[in-house]
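Structural overview
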Amino acid sequence: MARWCYRHRLVVLVLWVGALFGLGAAGTSAGTDYSNVFSLPDTDSKQAYDLMTKAFPRSSGDTDTVVWRSSGDAGPVTDTAVRSRIEPALKEIAGMRGVGEVVGPYDAKNATQISRDGRTAFAQITFTDRANEVPKDLVQKVVDTAQGAERDGLQVELGGQAITRIQEPPTGVSEVVGIAAAAVVLFLAFGSLFAMLLPIVVAIMGVGSGMMATMLLSHVTNVPEVAPLLGSLIGLGVGIDYALFIVTRHRRGIQRGLEPEESAVRALNTSGRAVLFAGGTVCIALAGMLVMNLRFLDGVVIATSLTVVLSVLAAVTLLPALLGLLGPRVLSRKQRRKLAGAGPDPAEASGPAARWSAYVQERPRSIAAMALVVMAVLALPVLSLRLGATDQGNNQESTTTRQAYDLLAEGFGPGFNGPLQVVVPGGADTTELVRTIRATDGVAQAAAAPPAGGITVIQVVPKTSPQSVGTDRLIDRLRDDVIPEAGVEAHVGGVTAVFKDFASVTGDRLPYFVGAIIGLGFLLLLIAFRSLVVPLTAALMNLIAAAASFGVLVAVFQWGWGTEFLGIGKEGPITAFLPVIMLSLLFGLSMDYQVFLVSRMHEEWVHTGDNARAVRVGLAETSRVINCAALIMICVFSAFVLSGDMEGAMAGIGLAAAVALDAFILRTALVPAAMHLLGRSNWWLPGWLEGRLPHLAVEPAESPTGPTKITGPNKNTGFDKNTEHIETTEHIKAAEPETSGTGGATVIHGFLRTADGDPLAGASVTLVSRGGRQLDRVTSIADGSYIVSVPAPGAYILAVTARGLASRAHHVTVGGGPLVYDVELSDDGAGLVN
């Protein structure tokens, strides 16, 4: 597929551009229909919600609030001087097209909309449409009209979901800033404008298509408003990173002497496979959120998974087409001149990455200890993690929504912004219940509304704010003590109660979710790397990274360390659904880095059987690109602080911290140090388990460029004395397997040549058990080299096939170390010519 996309690059490019513009046109014409569904089955707040919707069918329009406060010589809000300015403004707003109703405090029946001190009052504005459908110019006109009534001693502010929309930065600001920062990092890494543009273009195409598709899906399923933001956040991160890995491999291939087309095909066949594996693990991790059985998260899974899938698709189809357009210009001019003058680069890694890798090998204990101390200190704040919900009280102080929130809290009490509804069905007498609730500790006021449809709603205003621990305790007190003692059926609802139940359910189900994704990651790595220790190490590292990143999140957003510097508003609890989303994304991204790091180590281990060399070489060759990829993700994620959305800012800071800690401390320090300490145990796998695991090749096996001295059991020329020539591959199933079952995995490797001594590329080399089960299958590369994995010492069959040549197979016996076989193919058959 990579070769086809490379050669038909214009067709692929036209298809992608057409898909993007087609989805964009459809999404723009259809608009959005995002909805936040926080209700949970089998919870008290859900039962209260269902009863209220039956008795009081909700208006489809959004209700916002105008709050004003008089001070100094202005007198109370009932003074003629104040009313003469406020009432005309409210009347003008009521006459605007798109405004359904305005309920002010100057009607006698609405006297409760004036505070006890007479200095604060509010009016409720009901729009004809929901918040995300109200035109921004209408909202701005309402705000300007209301605030036009201000004068000295009279402050007017507005709050509500529709008002929040005009405070948000222009759409795409965070994405543009993140892309710009990533472009700078890419240019410094590549030194080439064209190479820098490749990951950016691929990410934009993948994320753009994902966002447009999400807009369309919002009309057929519940997609929360935060889902597109999270989708673009993770899509940009993985899209740029996946393209970076492939482009880096492609550039390395050209610098080592390959033609651009062969280098692109090789890059897609190696790093491209790893990208497919990594993208699949991210999607599986995101799908793990479905274990939580929370409807709100279903839309998040759809938006993020769809964006990741399209980003991966762009990386493996659009990217080779773009590489075909650029050809050798993917290298900078300086690099092209060096290649032409000095020839291909050596295969051995050098520079700071190689020096750091050697340093880790020399001091694994001290580096592991320091890394653990740093991660433990950062994880300490997680012990005080409190889940909840953010509201407009967490907005920046300069916003009108935050000012309105504070004015209401000051005039009517901190609990006024989050009242509770005690819903009593069946027409029961609520007089005694209301009296008991009023006398309950923590209740500021309680009043019953006239019954409707046999249902009575008691409005309860707590003394504490919606995000306070005291409000949570009041809800528990009402449910566990007050209502049961009253002897009536009643349910506690309201936005504050819904979010409390949401946080409670999330906390209860979180261990199962963590267990599911950790277990899944363990299984995937077990199959990929044929080791028990590697996936155990990865699972432990994922838990350490999660604890440390949540510690940073608690310190910043819950404790308020640096919130003023970052300009993200007031501290508060961590949004209840955020741990689930962050753990999914963190698991997927950590798997990416683990796969790219350990796959290179595993390749070297299989080839040499030297754990120290495998860890050193793997770290030296992958740490630079992993750190570069991490730096790009940090830039992209951090930019979402500018999104104007508290959940987006939390996710951005939390993921940026997680990626930084994972890449710079865990993958480049703690993981390799631990693997040096564990030695050969890293690659241990019981023999009984080896035969039962399916084979999953993250990357096709390749022989390292350049000579490597390997001692094996067979150094004769011609046919080995233990090798029996077989004329056709049909005879492969003639005997039973004779593997010894002892010892560890090893390899057979060598070079394929024609009768004239020329390297034979593209030939198929297959290792088969004596019982006929295929164990490994590879294709020889440009220099004719091949390497197949052998699960354990024993007797096997090695089959070699090539186009235009006769297929042949040979019995081989593998001892405790790597076996070297050079194979010569001719029209007459194959011979082993070591």
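Computed from a predicted model, the values in this text were never measured in an experiment. (Residues numbered from 1 in each chain as written. Predicted model: local features only at pLDDT ≥ 70, side-chain atom pairs only at ≥ 80, totals over all residues. Heavy atoms only, no water.)

The helix and strand inventory of the chain stands at 24 helices and 20 strands. Nonlocal contacts in the chain, meaning residues at least 24 apart in sequence, comprise 77% of its contacts between residues at least 6 apart. Counting every atom, the chain has about 34600 Å² of accessible surface; 57% of that belongs to carbon and sulfur. (Helix = DSSP H or I, 4+ residues; strand = E, 2+ residues; numbered from the N terminus. Contact = heavy atoms within 4.5 Å. Areas by Shrake-Rupley, 256 points an atom, 1.4 Å probe, with all protein chains shown as cover.)

All right, on to the pattern of salt bridges then. Per the counting criterion, the structure on display carries 16 salt bridges. In this structure, E432 engages R435 in a salt bridge whose closest nitrogen and oxygen atoms are separated by 2.4 Å. With E432 and R435 both in helix α16 (residues 431–438), this residue pair falls three residues apart, about one helical turn. Overall, E432 belongs to the partly exposed group, its relative accessible area being 46%. For R435, a relative accessible area of 47% corresponds to the partly exposed category. Where salt bridges share partners, they join R3, R7, E261 and E262 into one cluster. (Salt bridge = Lys/Arg side-chain N within 4 Å of Asp/Glu carboxyl O. Buried < 20%, exposed > 50% of the residue type's maximum accessible area, 1.4 Å probe, protein only.)

Attention now moves to the pairing of strand β8 (residues 456–462). Of all the seven residues making up β8, six are buried; the element is thus mostly covered by neighbouring parts of the structure. With five bridges joining them, strand β6 (residues 420–424) and β8 adopt antiparallel strand pairing. Looking at the pairing, V423 lines up with V457 of β8. In terms of strand pairing, strand β7 (residues 443–448) meets β8 through five bridges, oriented antiparallel. (Pairing = 2+ DSSP bridges.)

The next thing to look at is the sheet that holds strand β2 (residues 99–103). With respect to topology, four strands assemble into an open sheet ordered β2-β3-β1-β4, the strand pairing being antiparallel. Unpaired on one side and paired on the other, β2 and β4 (154–159) mark the two borders of the sheet. Across the sheet, the axes of successive neighbouring strands diverge by a mean angle of 20 degrees, strand direction being ignored. Sheet analysis places β2 next to strand β3 (residues 120–127), joined by four bridges and oriented antiparallel. In the strand pairing of β3, V103 is matched with Q124. The strands touched by helix α5 (residues 136–147) within the sheet are β1 (63–70), β2, β3 and β4, with β4 carrying the most contacts at an inclination of about 160 degrees. (Axes fitted to C-alpha atoms, helices over the stretch in contact; angles between N-to-C directions.)

Judged by nonpolar contacts, the single largest core of 161 residues is most densely connected at M289, L297, F557, Y593, I632 and F637. Those residues in contact with F557 that lie beyond four places of it in its chain are I568, E571, G572, I574, M646, A649, M650 and I653. The next biggest cluster of nonpolar side chains, apart from the first, holds 29 residues, and it includes V99, I114, A123 and L154. (Core = buried A, V, L, I, M, F, W, Y, C linked by side-chain atoms within 4.5 Å.)

Attention now goes to the environment of L186. In this fold, L186 is placed in helix α7 (residues 173–190). On the accessibility criterion, L186 (0% relative accessible area) is buried. Between the alpha carbons of L186 and I200 there is a distance of 9.1 Å; along the sequence they are 14 residues apart.

So, about the packing of aromatic side chains. Taken as a whole, this structure holds seven aromatic pairs when the rule is applied. Cluster of aromatic residues (ring-pair linked, three or more members): F122, F412 and F416. Across from the ring centre of Y6, 5.5 Å away, lies the NZ or CZ of R9, which sits over that ring. The ring of F194 has R329 sitting right over it, with the charged end atom 5.6 Å from the ring centre. (Phe/Tyr/Trp six-rings, centres within 6.5 Å; stacked < 30°, edge-to-face > 60°. Lys NZ or Arg CZ within 6 Å of the ring centre and 35° of its normal.)

Where helix α18 (residues 495–529) meets helix α21 (residues 578–608), the closest approach of the two axes is 11 Å, and the angle between their N-to-C directions is 15 degrees. By the angle between their axes, α18 is roughly parallel relative to α21. In this structure, the crossing between α18 and α21 has a hand that is right-handed. Between α18 and α21, the contacting residues are T506, L510, F513, V514, I517, G521, L524, L525 and F529 on the first element and P579, V580, L583, S584, F587, M591, Q594, V595, V598, S599 and H602 on the second. Residue composition of the contact of α18 with α21, by class: 14 nonpolar, six polar and no charged. (Parallel < 35°, antiparallel > 145°, perpendicular 65-115°, else oblique. Left-handed = near helix turned anticlockwise from the far one by under 90°. Nonpolar A, V, L, I, M, F, W, Y, C, P; charged D, E, K, R; others polar.)

Turning our attention to helix α22 (residues 611–638). Where α22 bends most, the angle comes to about 40 degrees, and this point is T622. Among the 28 residues of α22, 20 are classified as buried, and the element is accordingly described as predominantly covered. Its side-chain oxygen placed 3.2 Å from the backbone nitrogen of A612, D610 serves as the N-cap of α22. (Bend = angle between axes of the 7 residues up to and from the residue. Polar contact = N/O pair within 3.5 Å; in protein donor to acceptor, adjacent residues only side chain to side chain.)

Attention now moves to a nonpolar patch on the surface. Where nonpolar side chains cluster on the molecular surface, the patch consists of V184, F187, L188, L193, F194, L197 and V201 and spans about 640 Å² of accessible area. Of all the elements in the fold, those that place two or more residues in the nonpolar patch are α7 and α8 (193–217). For the nonpolar patch, the element with the highest residue contribution is α8, accounting for four residues. Turning to its location among the elements, V184 is positioned in helix α7. (Patch = residues over 30% accessible without salt bridge, like charges linked within 9 Å, V, L, I, M, F, W, Y side chains within 5 Å.)

Turning our eyes to something else, we now look at the confidence of the model for the chain. Per-residue confidence for the chain averages 81 on the pLDDT scale, and 89% of its residues sit at or above 70. Predicted confidence is poor over residues 701–742, with pLDDT under 50, and the contacts of this stretch with residues over four places away or in other chains come to 92 contacts. (pLDDT = per-residue confidence, 0-100.)

A word on the packing of α8 against helix α11 (residues 295–326). Running from amino to carboxyl end, α8 crosses α11 at an angle of 145 degrees, the nearest separation of the two axes being 8 Å. In terms of crossing hand, the pair formed by α8 and α11 is right-handed. Tallied by class, the residues present in the contact of α8 with α11 amount to 20 nonpolar, six polar and no charged.

With respect to the secondary-structure elements, P694 resides in the loop between α24 (687–690) and β11 (725–726). A residue is classified by how much of its surface remains accessible, and P694, at 48% relative accessible area, is partly exposed.

Okay, the sheet that holds strand β9 (residues 491–493) next. In spatial order, the strands read β7-β8-β6-β9; together these four strands make up an open sheet with antiparallel pairing. The open sheet has two edge strands, β7 and β9, and neither has a second partner. Geometrically, the sheet is characterised by an average inter-axis angle of 25 degrees between neighbouring strands, direction not taken into account. This element, α16, spans β6, β7 and β8 of the sheet and lies at about 165 degrees to β7.

On the secondary structure map, S332 appears in the loop between α11 and α12 (333–342). Accessibility expressed as a relative area gives 12% for S332, which makes it buried. In this view, S332 contacts G191, S192 and R251; residues no more than four positions away in its chain are not counted.

Attention now moves to a positive patch on the surface. A cluster of basic residues, R333, K334, R337 and K338, forms a positive patch on the protein surface. Here R333 is to be found in helix α12. Owing to a relative accessible area of 64%, R333 belongs among the exposed residues under this scheme. (Lys, Arg positive; Asp, Glu negative; His and termini not counted. Charge placed at Lys NZ, Arg CZ, Asp CG, Glu CD.)

The end-to-end C-alpha distance of helix α14 (residues 364–379), which contains 16 residues, comes to 22 Å, matching closely the 22 Å that a straight helix rising 1.5 Å per residue would cover. Packed against the buried residues of α14 are α13 (352–362), α19 (533–558) and α23 (646–678). (Expected span 1.5 Å × (residues − 1).)

Along β6, five of the five residues are buried, which leaves the element largely enclosed by surrounding structure. Two strands pair when backbone bridges link them, and β6 and β9 are joined in this way by three bridges, in the antiparallel orientation. Bridge pairing in β9 places V423 opposite H491.

All right, on to the environment of I204 then. Inspection of the secondary structure puts I204 in helix α8. Classification of I204 as partly exposed rests on a relative accessible area of 40%. Put simply, I204 and A314 are 110 residues apart on the chain and 9.5 Å apart in space, counted from C-alpha to C-alpha.

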